[in-house]
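# Residue-level structural notes
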Amino acid sequence: MSMPVLPKLLRFLLVHAAIGFAIAGLFVMALVGFDIGGFGSLVGRSSVAPLALGVLTAFLGLTFASVQMGVAIMLLPKDHEDGRGGGSGRPAALVPVRIGAVPRR
């Protein structure tokens, strides 16, 4: 049985989410390994160290994965010739709007 082919956008997002989770894992290892702010020794003395490190890694993974996916999406090249966003690739026409002023009492 062959694996289903994922759509291109979904594969793009999953790859960048995995990169964000990997960065979070490295970040947690650096926190513990370099004992930043005494965090490594605090976790080392704790009886629930695996749970604490797992929760920290999971939540930092969500944060870093979200940031990584957002940055990757924002760095995608634009499709339009003029480099502007929008549906048609043309700038929208400016239309003057008259606003009536109401006197204050």
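Let me sum up the structure you'll find in this document. (Residues numbered from 1 in each chain as written. Predicted model: local features only at pLDDT ≥ 70, side-chain atom pairs only at ≥ 80, totals over all residues. Heavy atoms only, no water.)

### Remarks on the overall build of the protein chain
Scanning the protein chain from N- to C-terminus turns up three helices and zero strands. Going residue by residue from the N terminus, the α and β elements of the protein chain occur as α-α-α. When contacts within the protein chain are restricted to residue pairs at least 6 apart in sequence, long-range pairs at least 24 apart make up 65% of them. Carbon and sulfur atoms form 70% of the exposed surface of the protein chain, whose accessible area is close to 8,900 Å². (Helix = DSSP H or I, 4+ residues; strand = E, 2+ residues; numbered from the N terminus. Contact = heavy atoms within 4.5 Å. Areas by Shrake-Rupley, 256 points an atom, 1.4 Å probe, with all protein chains shown as cover.)

### Brief notes about the packing of helix 1 (residues 8-33) against helix 3 (residues 49-74)
Look at helix 1 against helix 3: their axes get within 7 Å of each other, and the N-to-C directions meet at 135 degrees. Viewed along their axes, helix 1 and helix 3 adopt a mutual orientation that is oblique. Where helix 1 crosses over helix 3, the two elements pack in a sense that is right-handed. Looking at the contact of helix 1 with helix 3, its residues break down into 21 nonpolar, six polar and no charged. (Axes fitted to C-alpha atoms, helices over the stretch in contact; angles between N-to-C directions. Parallel < 35°, antiparallel > 145°, perpendicular 65-115°, else oblique. Left-handed = near helix turned anticlockwise from the far one by under 90°. Nonpolar A, V, L, I, M, F, W, Y, C, P; charged D, E, K, R; others polar.)

### Some remarks on helix 3
Taking 1.5 Å per residue, 26 residues should reach 38 Å; helix 3 reaches 37 Å between its end C-alpha atoms and fits that length. For helix 3, the complete set of buried residues consists of Ala 49, Leu 60, Gly 61, Ala 65, Gln 68 and Ala 72. (Expected span 1.5 Å × (residues − 1). Buried < 20%, exposed > 50% of the residue type's maximum accessible area, 1.4 Å probe, protein only.)

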